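Report on the structure
Residue-level listing of the chains:
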Amino acid sequence: MDIQIENLTKSYGVQKAVDSLSFEVKTGEILGFLGPNGAGKSTTMKIITCYLAGDTGDVKVGGNSVSYNPEKVKKHIGYLPENNPLYLEMPVIDYLRFVAKLQGVKPQDEKERILEMINTCGLKGEQHKKIRELSKGYKQRVGLAGALIHDPDVLILDEPTTGLDPNQIIEIRELIKKIGKEKTVILSSHILAEVEATCDRIMIINKGKIVADGTSEQLRKQAQGNELLRVRIEGGSRNDVFKALQEQSTISFVDFVSEEATLFEVQSKPEVYSAKAIFDLCVSNGWYITEMTPIETKLEDVFREVTAN
Amino acid sequence: MKSIWTVAHRELSSFFDSLLAYIMIVAFLGFSGFFTWLRGSDIFFVNQASLQTFFGIAYWTLFFFIPALTMRMIAEERKTGTIEMLLTKPLSEWQIVTGKFLATLLLIVIALSLTLPYYITVAQLGDIDHGAVWLGYLGLILMSASYISVGIFTSSLTNNQIVAFLLALLIGIFFHIIFGIMAGSLSGTLANVFYFLSMSTHYESISRGVLDSKDIIYFCSIILLGLIGSQVVLANRK
């Protein structure tokens, strides 16, 4: 089930939380939603789930508009809100039964679905405990189980792994990946590595606008631009090597990394690579290379670059 | 309809799980029992087989108990954020509000049905006007429903339960006595308007054994206004 967002704007007073946002998510896609605090991630998710309404523009989930057909949209969405609100006084199993009923799970399938959710989310030992008594990680699992109970076509997860331990994070990621094969998933997170590991597509928004959109490789390439190498060349004097490197036609810029005489950072000119040139240079001068590492732009750098003010 | 019942069922079991229901029932039975049977111008003093004394007392006890039951209804859900969970389920604001309304009304009906032994006892003592008793109960239920609806409305306005409680009492006190007092101290059409607005006018007329469409319209309008008001407030979040 596809999600289409067209020209969505939402303001709180004078501040625009979402600013003419348009994008589309296709079935089978896991979209990672990134952005600094207050970028409009949660607001967008709340509009998709019909909790809030946009001022202008529209959101369609499987062709149904959130403004005209909210009931239909809500049926197909599984939503895990930020901070994972739950009825703390309810036992886990009662809570799941309550959500199943609200989501219109057929009475004859109810038991089976609840059991399945308890198994997939690893809640077997806690099913009769009150939610209040559970640790944060288990509460998160209960929230996730509630979001998945009606086998929704669309899954909206607002920071699904907060409060989980590393093992649980990996489990939840695997679960999301498995689910994401046939469904449409949007998940937001602060943890870039997580988004990179889980999502097929990453979207970074800032001040309500999309500032980057693509796979993690695409984003990196986009931000990286020119090749950057860190080389350690020994066998010659520091200044000779520096000069020789600077004279190479493919190299635009050379820099010392530290006080250490032999380590350089070499930036190539656009569209060319300098590894061979450096190697040849060393051969002809009798120097030798002890280290050569391409410096990859990390997603963190991309993030910082596109969201910097 | 099924969703309304699902919401109501959860609310009702949360009343019983949190002991609130038991406390309310015990306190209600204690108060009304004490004043009906043991103290002051009690039921024996009247020298008549009638439950008027009990209805007069329940009129006041319910007035104070109901805001305490309704205050958390929506305010708490707002505070903990569960309202977001609820509103993103395929469920309209109206269904949520009426579900909560029904749950509280059911609790009141349960509490009232536990006073049926009073009725049975008094009926043994002499000739009782059965019609008046049943209408008296109907009057109590209608009055409770009105205050529940008001209470849910004030609970939807805030995420502070105490504010919701006091606000419900404040609105309630106007219907409960202030309009009646104003009707007495004014004259002309204004007096008639306040007389009509006063809860006691309609409650007394029903519990005396007269069922008038005016009274039914009065209670139903308060109930509907409160419920629609809460629905509008909830829908306004957008």
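Residues numbered from 1 in each chain as written. Chains lettered and ligands numbered in written order. Predicted model: local features only at pLDDT ≥ 70, side-chain atom pairs only at ≥ 80, totals over all residues. Heavy atoms only, no water.

Residues and elements named next belong to chain B. The final tally for this structure, using the stated rule, is 23 aromatic pairs over all chains. Both rings, one in phenylalanine 16 and one in tyrosine 22, keep their centres 5.3 Å apart while their planes meet at 75°; by these two values the pair is edge-to-face. Of the residues examined, phenylalanine 16 reaches a relative accessible area of 22% and is grouped as partly exposed. By relative accessible area, tyrosine 22 is classed as partly exposed at 44%. (Phe/Tyr/Trp six-rings, centres within 6.5 Å; stacked < 30°, edge-to-face > 60°. Buried < 20%, exposed > 50% of the residue type's maximum accessible area, 1.4 Å probe, protein only.)

Turning next to the sheet that holds strand β9 (residues 201–206) of chain A. Residues and elements named next belong to chain A. Strand order in the open sheet formed by 6 strands is β6-β7-β8-β3-β9-β10, with mixed pairing between adjacent strands. Each edge of the sheet is formed by a strand with only one pairing partner; in this case those strands are β6 (77–80) and β10 (209–214). Taking each pair of neighbouring strands and ignoring which way they run, the sheet shows an average axis angle of 15°. Inspection of the sheet shows β6 paired to strand β7 (residues 154–158) by 4 bridges, in the parallel sense. (Pairing = 2+ DSSP bridges. Helix = DSSP H or I, 4+ residues; strand = E, 2+ residues; numbered from the N terminus. Axes fitted to C-alpha atoms, helices over the stretch in contact; angles between N-to-C directions.)

What follows concerns the pattern of salt bridges. All names here are of chain A. Applying the stated criterion across every chain yields a total of 24 salt bridges over all chains. The partner of arginine 97 in a salt bridge is aspartate 94, and the shortest N-O contact between them spans 3.6 Å. Taken together, the residues arginine 97 and aspartate 94, both in helix α3 (residues 92–102) and 3 residues apart, mark about one turn of the helix. What makes aspartate 94 partly exposed here is its relative accessible area of 32%. (Salt bridge = Lys/Arg side-chain N within 4 Å of Asp/Glu carboxyl O.)

Counting residues in each nonpolar core, the largest one holds 140 residues, and the members touching the most others are Ile3 and Tyr95 of chain A. Among the elements that make up this core, the one with the highest residue count is helix α8 (residues 130–157) of chain B (11 residues). Filtering out sequence-adjacent residues up to four positions away, isoleucine 3 of chain A remains in contact with Phe23, Glu24, Val25, Ile48, Val59, Lys60, Val61, Val154, Ile156, Thr184 and Ile186 of chain A. Counting residues in each nonpolar core, the second largest holds 15 residues, with Leu229, Ile251, Val266 and Cys282 of chain A among its members. (Core = buried A, V, L, I, M, F, W, Y, C linked by side-chain atoms within 4.5 Å. Contact = heavy atoms within 4.5 Å.)

Bringing the interface of chain B and chain A into the picture now. Across the contact, 21 residues belong to chain B and 22 residues belong to chain A. Both sides of the chain B and chain A interface together cover about 2,300 Å² of buried area, and 62% of this is carbon and sulfur. Looking only at chain B, the three residues that lose the most surface to chain A are Glu84, Pro90 and Lys238 of chain B, adding up to 29% of its buried area. Taken together, the links from chain B to chain A amount to 1 salt bridge. Of all elements in the fold, only α1 (2–17), α4 (72–80) and α5 (82–87) of chain B reach the threshold of two or more residues within the side of chain B that touches chain A. Here the side of chain B that touches chain A takes 6 residues from α5 of chain B, the largest share from any one element. Of the residues that constitute the side of chain B that touches chain A, the class distribution is 7 nonpolar, 8 polar and 6 charged. (Buried area = accessible area lost by both parts, 1.4 Å probe. Nonpolar A, V, L, I, M, F, W, Y, C, P; charged D, E, K, R; others polar.)

All right, on to the domain arrangement of chain A then. Annotation of chain A at the domain level lists domain 1 (3–214) and domain 2 (225–302). Using C-alpha coordinates to define each centre, domain 1 of chain A is positioned 46 Å away from domain 2 of chain A. (Domains from an automatic or database assignment.)

Next up on the list: empty space enclosed by the protein. Counting across every chain of the model gives 2 cavities of 30 Å³ or more. In this structure, the largest cavity spans a volume of roughly 60 Å³. As for the largest cavity, its lining consists of 13 residues, of which Tyr79, Tyr95 and Gly143 of chain A together with Met85 and Lys89 of chain B are closest to the centre. Sorting the residues of the lining of the largest cavity by element identifies β6, α3 and α5 (136–148) of chain A as the ones contributing at least two each. (1 Å grid on protein atoms, 1.4 Å probe; cavity = no way out; pocket = protein on both sides within 12 Å on 5 of 7 lines; lining within 4 Å. Points joined across faces, edges and corners; volume = space filled by probe spheres on them.)

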